[in-house]
Amino acid sequence: MIKLFAADLDGTLLNALHVTDPVILHSLRRVREAGRHFSIATGRTLRSNNALGFEGNVAVVCANGSLVLDEEGRLARVSMMPREFVEAIVREFPKTPLDYIGVEHTYHTGSEDEHAASYGHMPLWRKVVMRGMSMTGGPEHVYGCSPQDIAAQDICKINAHIKGMDEARALREFIDDWSDQVINAPFNPSMIEVTAKGVNKGEAVAWLADYLGVSQDEVAVYGDSGNDIQMLERFAARGHAYATSNGSDEAKRAAGNVIGPCALHAVPRHMLRSLR
């Protein structure tokens, strides 16, 4: 019996427009009515379990597992990055448009316009995803921070989309030099998503299962891309990992089970079949 369902958002649970809809919300209500648990498992930074149209009563594993909210929307766990790494990267790349994510705010060294411009060359659909991931705009963002300001914050995740190849290469090489303390697991190769080493969606969902009193054999996970790999691999060994058919080849191999596309509500439908 599956007692905890955990799903990535973009390319997985959400529809082709990267939003919730009545089919998705109905399936989550059915899960809850059946006495089971549901958790979002995303790289997005969601500071509420009512974001994106969700109706509460869902847990949230977000920022690639560095933030976990319980079903009441309360912060249940936070995994901070090594402060010495944050100090080093902001000192080395003070002008690079990095997103320094904390529990309450996301900090930037540049202005709001400069930050938005770093995503300006993306296709429209990806801009929509970026805004939905709380990576641009909104009161939770704090702009114009000095490197000293950021170094003084507790940071759990760092995001970036770097347009220039040379700058992106330099940033990835810098992160690789700290591979004993941090990990870069982006949902897309054009992105950078850094958390403390050992922090990922799979580890966080396993922690949440224990927090809820659920065996890991009673967890089903769904994903589609790079930052889902460790989650899919972890639960594939238990037979309950699923990739959407629109997902990456790596995600499909990690899961071992492939269901339909997100555009046809494959994940909501699969959860309902599992309940039946």
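Since this is a predicted model, take the numbers as computed values, not measurements.

Definitions and cut-offs
Residues numbered from 1 in each chain as written. Predicted model: local features only at pLDDT ≥ 70, side-chain atom pairs only at ≥ 80, totals over all residues. Heavy atoms only, no water. Core = buried A, V, L, I, M, F, W, Y, C linked by side-chain atoms within 4.5 Å. Buried < 20%, exposed > 50% of the residue type's maximum accessible area, 1.4 Å probe, protein only. Helix = DSSP H or I, 4+ residues; strand = E, 2+ residues; numbered from the N terminus. Contact = heavy atoms within 4.5 Å. Polar contact = N/O pair within 3.5 Å; in protein donor to acceptor, adjacent residues only side chain to side chain. Phe/Tyr/Trp six-rings, centres within 6.5 Å; stacked < 30°, edge-to-face > 60°. Pairing = 2+ DSSP bridges.

Draft legend 1. Focus on the nonpolar core. One finds Phe5, Leu13, Phe38, Ile40, Phe54, Tyr222 and Met271 to be the most contacted residues of the largest nonpolar core, which totals 31 residues. Contributing elements (two or more residues each) for this core: strand S1 (4-7), helix H1 (9-13), helix H2 (22-33), strand S2 (37-41), strand S3 (59-62), strand S4 (67-69), strand S12 (219-223) and helix H11 (266-275). Residue contributions to this core peak at 5 residues, all from H11. In this structure, Phe38 is in contact with Leu4, Phe5, Ala7, Leu13, Leu28, Val31, Val58, Ala59 and Met271, ignoring residues within four places of it in sequence. Residues Met81, Ile150, Ile158 and Trp178 belong to the second largest nonpolar core, which totals 25 residues.

Draft legend 2. Representation of the environment of Glu167. In this structure, Glu167 sits in helix H7 (residues 165-177). The spacing of Glu167 and Phe93 is 74 residues in sequence and 9.3 Å in space, taken between C-alpha atoms. The contact partners of Glu167, leaving out residues within four places of it in the chain, are Thr96 and Ile162. For Glu167, the side chain forms a polar contact with the side chain of Thr96, separated by 2.5 Å.

Draft legend 3. Inspection of the packing of aromatic side chains at higher detail. Applying the stated rule across the entire model yields 6 aromatic pairs. Aromatic pair Phe85 and Phe174: ring centres 6.0 Å apart, planes at 40°, arrangement tilted. Here the residue Phe85 occupies a position in helix H3 (residues 83-92), and Phe174 occupies one in helix H7, the gap between them amounting to 89 residues. Take Phe85 and Phe174: they sit in the same class, and that class is buried. On the numbers, 5.1 Å between centres and 20° between planes, the contact of Trp207 with Tyr211 is stacked.

Draft legend 4. Seen up close, the sheet that holds strand S7 (residues 106-107). The strand order across the open sheet formed by 6 strands is S8-S7-S6-S9-S11-S10, and the pairing between neighbours is mixed. One side of each edge strand has no neighbouring strand; the edge strands of this open sheet are strand S8 (141-142) and strand S10 (182-184). As paired elements, S7 and S8 share 2 bridges and run parallel to each other. Bridge pairing links Thr106 to His141 in S8.

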